[in-house]
Amino acid sequence: MADDASTYTFKAETRQLLNILIHSLYKEREIFLRELISNASDALNRLRFEALTEQNILEPDAELCIRLSVDEKKKLVTIEDTGIGMTKDELVKNLGTIAQSGAKAFLEAAKDAPDQAINVIGQFGVGFYSIFMVAEWVRVTSRSFNPRAKAASWYATGDDSFQVEPAEKANRGTRIEIKLKKDAAEFADESRLRTIVKRHSDFIGFPIYIGDSSEQVNQQAALWRTPRKDVSEEQYNEFYRQLTLEFEEPQSHLHITTDAPVRVYAILYIPAKAERGMFSLRKEDGLKLYSRNILIDEYSKDLLPEHFRFIQGVVDSEDLPLNVSRETFQASNMIARLKKVLTGQVMGALRKMAKKDREAYARFWKEFGPFIKQGVATDPAEREHLYELLRFKTSLQPDDWSSLDEYIERMQAGRKEIYYIVGDDDRSVLLSPHLDQFKSKGIEVLLLTHPVDPFLLMGLQKYRDFDLKNAAQAELEPDAKEDKADQAEAVTEGALENLINRFKEQLGDKITAVRETRRLSSSVARLVDPEGSLAPEMQRVYKYLDRETAIPKKILELNPSHAIIRGLADLEAGSDLEKAIIDQIYESALLLDGIHPDPSSMTPRIQQLMEAALKK
Ligand code: ADP
Ligand code: MG
């Protein structure tokens, strides 16, 4: 050991991590190469970024590339890059200490699913250490881009310590030599390395060479700059896989190349699922932003509106000033223009999908509809553009998604309103007494049963010339003919008055009033809001925000033509059975509105009613 060599001890967590990797039985050990290439690519990107502002760089003209080589006899694999390099101190810091959180998170994940954790080791910020799945020892020799810095090397065998010492290296960048363990000798093979590069690192943005060859192994020509006609479906999917490490193929992709008003190349994906996979490579929302091949932002959130944040992909624009990270006016102005272009393209693609492929759009809507609804609720500038993307189940087409335009097309002539009903789920909402008058008249009602729907309504009060109206608050003109026929079967006026009084007596201050209605047909009763109370959807918003949980007091409306009401009029006033029926009518109405605080409390009464029925 040279005089100024120093030995350092790994921290406890790092030792644990190394222990797991050294003894891992994980089959895909080849991913160590993916991790090292990814680090080399990071180092090259950082060098390129430095070079924008820093004049004084070692070997400014050296090609930015990655080179792999093997020594089959000695069982050595070497990976070398011309990136930013590391000084002695940086070697100690970057390869000796792991951000506590990264090591902890990895150990935590490895406890439950070691193979999965290892597969995505890079996302814990400890990718370098995957080398110890295959290495007997590792030597990293590096020379910083800073011309004054001296070369240094780092050496470890995977036990408790590592050594750092001065080294000879004329060229800028980092060389990593790996002496393979006996059972990993298979990797000392050029053609094996070639296969691994193609499989995991094909889209790395710098040339990768193997051996002395000057033939590039990876595609590198950025896929987003390749003309659309030259890119196969498989390449799009493969690029997505390498970008995200998601298992499921994306729902669709959008390849954008435009010259005006800004020059931009982009590939955007709609993922299969709204939730990122647990082991996705993408840790945050946002698009990867490049300018002239320089990675400017790994997770740019400024390129699409919030409601399109589920979109993944890469954006590359030559028009971006390279000091974009400094948030200059010019940069933010440019970003705003990019955002406009990208948003327009995404909108166009969705519109086209909706028109051309109903099934694909239904799949999109099922997964990402809530994002669009959220956009309508919270983005006043965008909301009107989003209306046409909305889809709804309806009372007449409960199994299909309809657009607002389709609803209007089916609408009876002369109607001015779009009706909706809010509730907890489609099935119970379809039983709602509020729908009686709509059913008998054949009027369609939108079913709004997603938790975000009440918020959606705050941003959707009118569409084209049609106001949106809550079915529970709508008073449709009763049909004259129908009305007469019903009245023939209704209880007499005197009996009805008695009944209404009985309901008031029995329900007391649970309700504000009891009255008759002609707007029910198959339902016995319904609850309506007194004039001036909060709209039902707003009641839900408050419930959701947990502001108010008490049952709001409502008016109970009775259907005088219903068999139960007629029968009730014949029952002895004040009998146990009559009381139970009145209570049950009220609580059933609560239940159908989705506001019964404790449905199971009805069981004893239902039992009482069954016993009474059986006695007859
Ligand atoms: P991550 O890449 O997530 O930071 P790694 O464990 O893969 O975590 O790498 C640790 C650190 O080591 C990197 O952040 C970087 O600073 C340094 N490093 C690794 N490889 C290189 C390289 N080829 N050139 C320069 N620095 C490197
Ligand atoms: Mg890494």
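This part is about the pairing of strand β9 (residues 252–258). Strand direction decides the pairing type here: β9 and strand β10 (residues 264–270), joined by seven bridges, are antiparallel. Bridged to T258 within β10 is V264. Here β9 hands over to β10 after five residues, the two strands then running antiparallel side by side.

Think of a sheet as strands paired side by side through backbone hydrogen bonds, with each pair either parallel or antiparallel. Strand order in the open sheet made by the five strands is β14-β16-β15-β18-β17, with mixed pairing throughout. Two strands lie at the open edges of the sheet, namely β14 (393–394) and β17 (462–463), each paired on one side alone. Judged from the two bridges that link them, β14 and strand β16 (residues 445–448) form a sheet pairing that is antiparallel. Looking at β16, one finds that T394 is bridged to L446. The strands touched by helix α17 (residues 536–544) are β15 (417–422) and β18 (466–470); relative to β15, the strand with the most contacts, the crossing angle is about 35°.

What follows is about the site of ligand 1. Around ligand 1, a shell composed of 14 residues is seen, among which N39, D81, N94, G127 and F128 lie nearest. Measuring from an oxygen atom of ligand 1, one finds a backbone N or O atom of F128 at 3.0 Å. At the level of elements, α2 (31–53) and α3 (88–96) are the ones that each hand at least two residues to the shell around ligand 1. Ranked by the residues each element gives to the shell around ligand 1, the list is headed by α2, at four residues. Residue composition of the shell around ligand 1, by class: six nonpolar, six polar and two charged.

Moving on, we get to the nonpolar core. By size, the foremost hydrophobic cluster in this structure holds 68 residues, and its most contacted members are L68, F106, F128, Y129, W154 and I178. Looking at this core element by element, the count peaks at nine residues for α2. With sequence-adjacent residues up to four places away left out, L68 is seen in contact with L33, I37, T78, I79, L193, V197, I208, Y209, I210 and G211.

Many authors give the size of an interface as the accessible area that is lost as the parts come together. Segmentation of the protein chain into domains returns domain 1 (6–210), domain 2 (223–356), domain 3 (362–473) and domain 4 (482–615). Computed over C-alpha atoms, the centres of domain 1 and domain 2 are 29 Å apart. Counting residues at the interface gives 17 residues for domain 1 and 17 residues for domain 2. When domain 1 packs against domain 2, close to 1,600 Å² is buried across both sides, 62% of that on carbon and sulfur atoms. When residues of domain 1 are sorted by the area they lose upon contact with domain 2, F49, Q123 and F203 head the list and together hold 40% of the total.

Let's shift gears to the environment of H253. Following the sequence through the fold, H253 ends up in strand β9. Sequence separation between H253 and N237 is 16 residues; the distance between their C-alpha atoms is 8.7 Å. A polar contact is formed between the side chain of H253 and the side chain of E233, at a distance of 3.4 Å.

This part covers the pattern of salt bridges. Evaluated as defined, the whole model comprises 37 salt bridges. K301 is paired through a salt bridge with E284; the nearest N and O atoms lie 2.6 Å apart. Of this pair, K301 sits in the loop between β12 (294–300) and β13 (312–316) while E284 sits in the loop between β10 and β11 (287–291), and the two are 17 residues apart along the sequence. Assessed through its relative accessible area of 45%, K301 is described here as partly exposed. E284 sits in the partly exposed class, given a relative accessible area of 35%. With a shortest N-O distance of 2.8 Å, R515 and E557 are connected by a salt bridge. Here the residue R515 occupies a position in strand β19 (residues 511–516), and E557 occupies one in strand β21 (residues 554–558), the gap between them amounting to 42 residues.

Conventions we followed
- Residues numbered from 1 in each chain as written.
- Chains lettered and ligands numbered in written order.
- Predicted model: local features only at pLDDT ≥ 70, side-chain atom pairs only at ≥ 80, totals over all residues.
- Heavy atoms only, no water.
- Pairing = 2+ DSSP bridges.
- Helix = DSSP H or I, 4+ residues; strand = E, 2+ residues; numbered from the N terminus.
- Contact = heavy atoms within 4.5 Å.
- Axes fitted to C-alpha atoms, helices over the stretch in contact; angles between N-to-C directions.
- Near = heavy atom within 4 Å.
- Polar contact = N/O pair within 3.5 Å; in protein donor to acceptor, adjacent residues only side chain to side chain.
- Nonpolar A, V, L, I, M, F, W, Y, C, P; charged D, E, K, R; others polar.
- Core = buried A, V, L, I, M, F, W, Y, C linked by side-chain atoms within 4.5 Å.
- Buried < 20%, exposed > 50% of the residue type's maximum accessible area, 1.4 Å probe, protein only.
- Domains from an automatic or database assignment.
- Buried area = accessible area lost by both parts, 1.4 Å probe.
- Salt bridge = Lys/Arg side-chain N within 4 Å of Asp/Glu carboxyl O.

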